[in-house]
Amino acid sequence: MMGIWWTARRTSGLINYLKNNFRVFVRSTAQLTRPAGGAIMTVVAIGITLALPALLYVVTDNIDQLGRNWETRAQVNLFLVKNVENPAALQARLQSLKEIDRIDAVSPDQGLSDFKKYSGFARASDLLDANPLPWTLVVHFTREHSNIEAVQRFIDRAAQLPEVDNVRSDVLWLKRLTAVVEIGHRLVWVLAILLGLAVVVIISNTVRLAILSRTHEIEVIKLIGGTDRFIRRPFLYQGFVQGALGAVTAVLLTTICIEALREPITGLVGEYGSGYRLVGLSWTNAGVLFALGSGLGWVASRWSVGRHLKDIEP
Amino acid sequence: MIAFNDVTKRYPGGHEALKHVSFKLPAGEMAFLTGHSGAGKSTLLKLIVVIERATQGQVVVNEQNLTRLPRRKLPRFRRQIGVVFQDHKLLPEQTVFENVALPLVVSGYSPKDTPRRVRAALDKVGLLGKEAMFPLMLSGGEQQRVGIARAVVTRPSILLADEPTGNVDAAMSDDIMDLFRLFNQVGTTVLVATHELRHIERLGKPVLCLDDGYLVDRPADQWID
């Protein structure tokens, strides 16, 4: 009997606790709208601060995607020495390597014909006595080996072959692109940390002002037996809500910026024969940004309240 | 029960507001605390609510030695005491209802019980029907009665009042003192700081008289350890 009574008492206590928490949450959110201008400015400031690393993340992510797009079609051209009459043996040898998907052999005649067709120097090539082009093997890599390391390994080995005169690949360009993307990723982290600190400073300062403006109320609550936890709660909710709204603003700003850039970037990459489409913030990324914003808001207000609440005594 | 045993309170700078004060106010009793301005009345009340701590001696309230009470236990302790201030200390942005309900919210009372308890407290002080008004819309006497309703809404075992009639006219002042007597009649220990001898004579309750920090007059010997 005592057990049932105790369980019922604990359950009703928990319900009261949750109800009180919900009321404080609603009230804290409503209080944000009271000095409407100030609260909106704070949320917008947080939004812009969070949007900067988010935007940079989207840009580097897109460059990264572009690089991967290239990698899925990785290929290397092997220009053979002039005295190779038939590359079939070499082709068969290379074809047995696991990283190779297929190898197209381009004869000197085919090469010259392609040169005339695409280079715009058809007349100049007519002046040549003999075809200067060697046999060329166009090596296509399998999808899982279309990465810089595998391609570079193959190039190093191919360059040692006596039948190979010259090796051409875009791997160097890709290496540079990857380095740029890596710098971009690092920059995103650095910016995210710095601007995350800025968000903490913005919210903690807002909460500090809110505490100062409610000094009298805090004194009264302490006098009638309010715990620090009770007093802290509305400020924590306020910080959480500001951070969350700031994150939503950041998602909106990032999306607007990406949409504004979509058409010119699609046009630009189209000029290079790519059908690549700009990718915006995914739902997961937006969720991470939301969690980050609200989490930072919570941490900032917790820190600020912890610092300033102990100074207020009745 | 409130007991002071050789209590001295020295503020930073050396000023001694209370000097070797000893008395005992048994549970369920009512007494007046009197003395001229600066005699130490407010300091004595602050020691009971632990706004200040005694420099020397012991303050014991409801069996708890306040000299050793850790900070984290203060909120729970303060919930046993209702305090009425001369300046009311009401929250101007909250309605009368919200002001009176605050101790209930702070103490974690069920939100379902809150309206009933608040109305009961407002009824006792004669302000039923003014729940939706804001403090600044009320007269000084009405604001003081809101303060009293807030102090008694949780039915504390001790009720302290610091010059509760300082800002009201004579008739209202009598009404307020009658309220304190009423709360005392239902078992609440009441200590009222006032310098108005009229109330002391009218209610005929024991007096603790402070002069320059010393307790110069106190009630019957049985109150003193």
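Worth saying up front: this structure is predicted, and the values here are computed from it rather than measured. (Residues numbered from 1 in each chain as written. Chains lettered and ligands numbered in written order. Predicted model: local features only at pLDDT ≥ 70, side-chain atom pairs only at ≥ 80, totals over all residues. Heavy atoms only, no water.)

Caption draft 1: Looking closely at the interface of chain B and chain A. Each side of the interface is counted separately: chain B has 23 residues, and chain A has 21 residues. Summing both partners gives a buried area of about 2,000 Å² for chain B against chain A, and 59% of it is carried by carbon and sulfur. Run the count over chain B and chain A and you get two salt bridges. For arginine 71 of chain B, the salt bridge identified is with aspartate 228 of chain A, shortest N-O distance 3.4 Å. At the junction of chain B with chain A, the criterion picks out five residue pairs in polar contact (both at pLDDT 80 or more). Looking at the side of chain B that touches chain A, the elements that each hand over two or more residues are helix 2 (74-78) and helix 3 (96-106) of chain B. The dominant element in the side of chain B that touches chain A, judged by the number of residues it contributes, is helix 3 of chain B, at five residues. (Contact = heavy atoms within 4.5 Å. Buried area = accessible area lost by both parts, 1.4 Å probe. Salt bridge = Lys/Arg side-chain N within 4 Å of Asp/Glu carboxyl O. Polar contact = N/O pair within 3.5 Å; in protein donor to acceptor, adjacent residues only side chain to side chain. Helix = DSSP H or I, 4+ residues; strand = E, 2+ residues; numbered from the N terminus.)

Caption draft 2: Quick peek at the side chain of threonine 8 of chain B. Residue and element names in this part refer to chain B. Looking at the element boundaries, threonine 8 is found in strand 1 (residues 2-10). Look at threonine 8 and you get buried, because its relative accessible area is 2%. A distance of 3.1 Å separates a polar atom in the side chain of threonine 8 from the backbone nitrogen of histidine 20. Apart from the residues lying within four places of it in its own chain, the contact partners of threonine 8 are Glu16, Leu18, Lys19, His20, Ala54, Thr55 and Gln56. (Buried < 20%, exposed > 50% of the residue type's maximum accessible area, 1.4 Å probe, protein only.)

Caption draft 3: Expanded view of the side chain of serine 173 of chain B. With respect to the secondary-structure elements, serine 173 of chain B resides in helix 6 (residues 170-185). The class for serine 173 of chain B is buried, based on a relative accessible area of 1%.

Caption draft 4: Highlighting the packing of helix 9 (residues 228-271) of chain A against helix 10 (residues 283-309) of chain A. Residues and elements named next belong to chain A. Interhelical geometry of helix 9 versus helix 10 gives an angle of 150° and a closest axis separation of 7 Å. Here helix 9 and helix 10 pass one another in a crossing that is right-handed. Broken down by class, the residue content of the contact of helix 9 with helix 10 amounts to 16 nonpolar, six polar and three charged. (Axes fitted to C-alpha atoms, helices over the stretch in contact; angles between N-to-C directions. Left-handed = near helix turned anticlockwise from the far one by under 90°. Nonpolar A, V, L, I, M, F, W, Y, C, P; charged D, E, K, R; others polar.)

Caption draft 5: A look at unusual backbone geometry. All names here are of chain B. Despite not being glycine, valine 50 shows a phi value in the positive range, around 55°. Within the secondary structure layout, valine 50 lies in the loop between helix 1 (41-48) and strand 4 (56-61). Here valine 50 falls in the buried class, since its relative accessible area comes to 5%. In this structure, histidine 88 is a non-glycine residue whose phi angle is positive, near 65°.

Caption draft 6: Region of interest: the sheet that holds strand 5 (residues 64-65) of chain B. All names here are of chain B. If you trace the four strands from one edge of the open sheet to the other, you get 2-1-4-5, paired in antiparallel fashion. Each edge of the sheet is formed by a strand with only one pairing partner; in this case those strands are strand 2 (16-25) and strand 5. For strand 4 and strand 5, the ladder comprises two bridges, and the chain directions are antiparallel. Each bridged residue has a counterpart across the sheet, and for valine 60 the counterpart in strand 5 is asparagine 65. Helix 1 rests against strand 1, strand 2 and strand 4 of the sheet, and its axis sits at about 120° to strand 1. (Pairing = 2+ DSSP bridges.)

Caption draft 7: Focus on the sheet that holds strand 2 (residues 100-106) of chain A. Residues and elements named next belong to chain A. Read across the open sheet, the four strands follow the order 2-3-1-4; overall the sheet is antiparallel. In this open sheet, the two strands that pair with only one neighbour each are strand 2 and strand 4 (164-169). Across this sheet, the average inter-strand angle for adjacent strands is 20°, counted without regard to direction. Strand contacts of helix 6 (residues 148-160): strand 1 (75-80), strand 2, strand 3 (136-141) and strand 4, with the helix running at about 165° to strand 4, the strand carrying the most contacts.

Caption draft 8: Representation of the pairing of strand 7 (residues 158-162) of chain B in the model. Residue and element names in this part refer to chain B. The buried fraction of strand 7 is high, at five of five residues. Burial of strand 7 is two-sided: the residues Ile158, Leu160 and Asp162 facing one way and the residues Leu159 and Ala161 facing the other way are all buried. In the sheet, strand 7 pairs with strand 8 (residues 189-193) via five bridges, with the strands oriented parallel. Across the sheet, the residue bridging to leucine 160 is leucine 191, located in strand 8. Following the backbone out of strand 7, through helix 6 and into the adjacent parallel strand 8, one traces a crossover that is right-handed. (Right-handed = clockwise from strand over helix to strand, strands pointing away.)

Caption draft 9: Region of interest: a nonpolar patch on the surface. The grouping of Trp189, Val190, Ile193, Leu194 and Leu197 of chain A at the surface amounts to a nonpolar patch, some 560 Å² of accessible area in total. The residue isoleucine 193 of chain A is located in helix 7 (residues 171-213) in this model. (Patch = residues over 30% accessible without salt bridge, like charges linked within 9 Å, V, L, I, M, F, W, Y side chains within 5 Å. Areas by Shrake-Rupley, 256 points an atom, 1.4 Å probe, with all protein chains shown as cover.)

Caption draft 10: Examining the packing of aromatic side chains more closely. Summed over the entire model, instances satisfying the criterion amount to four aromatic pairs over all chains. Ring geometry for tyrosine 237 of chain A versus tryptophan 298 of chain A: centroids 6.3 Å apart, planes at 65°, classification edge-to-face. Placement of the pair is tyrosine 237 of chain A in helix 9 and tryptophan 298 of chain A in helix 10, with a sequence separation of 61 residues. Relative accessible area serves as the criterion here: at 35%, tryptophan 298 of chain A is assigned to the partly exposed category. On the basis of an interplanar angle of 85° and a centroid distance of 6.3 Å, the ring pair of phenylalanine 240 of chain A and tryptophan 298 of chain A is categorised as edge-to-face. Taken as a pair, phenylalanine 240 of chain A in helix 9 and tryptophan 298 of chain A in helix 10 lie far apart in primary sequence, 58 residues in all. Looking at phenylalanine 240 of chain A, the relative accessible area reads 29%, which means it is partly exposed. The aromatic ring of tyrosine 11 of chain B is capped on one face by lysine 9 of chain B, whose charged end is 5.1 Å from the ring centroid. One Lys or Arg, lysine 89 of chain B, reaches over the ring of phenylalanine 85 of chain B and ends 5.4 Å from the middle of that ring. (Phe/Tyr/Trp six-rings, centres within 6.5 Å; stacked < 30°, edge-to-face > 60°. Lys NZ or Arg CZ within 6 Å of the ring centre and 35° of its normal.)

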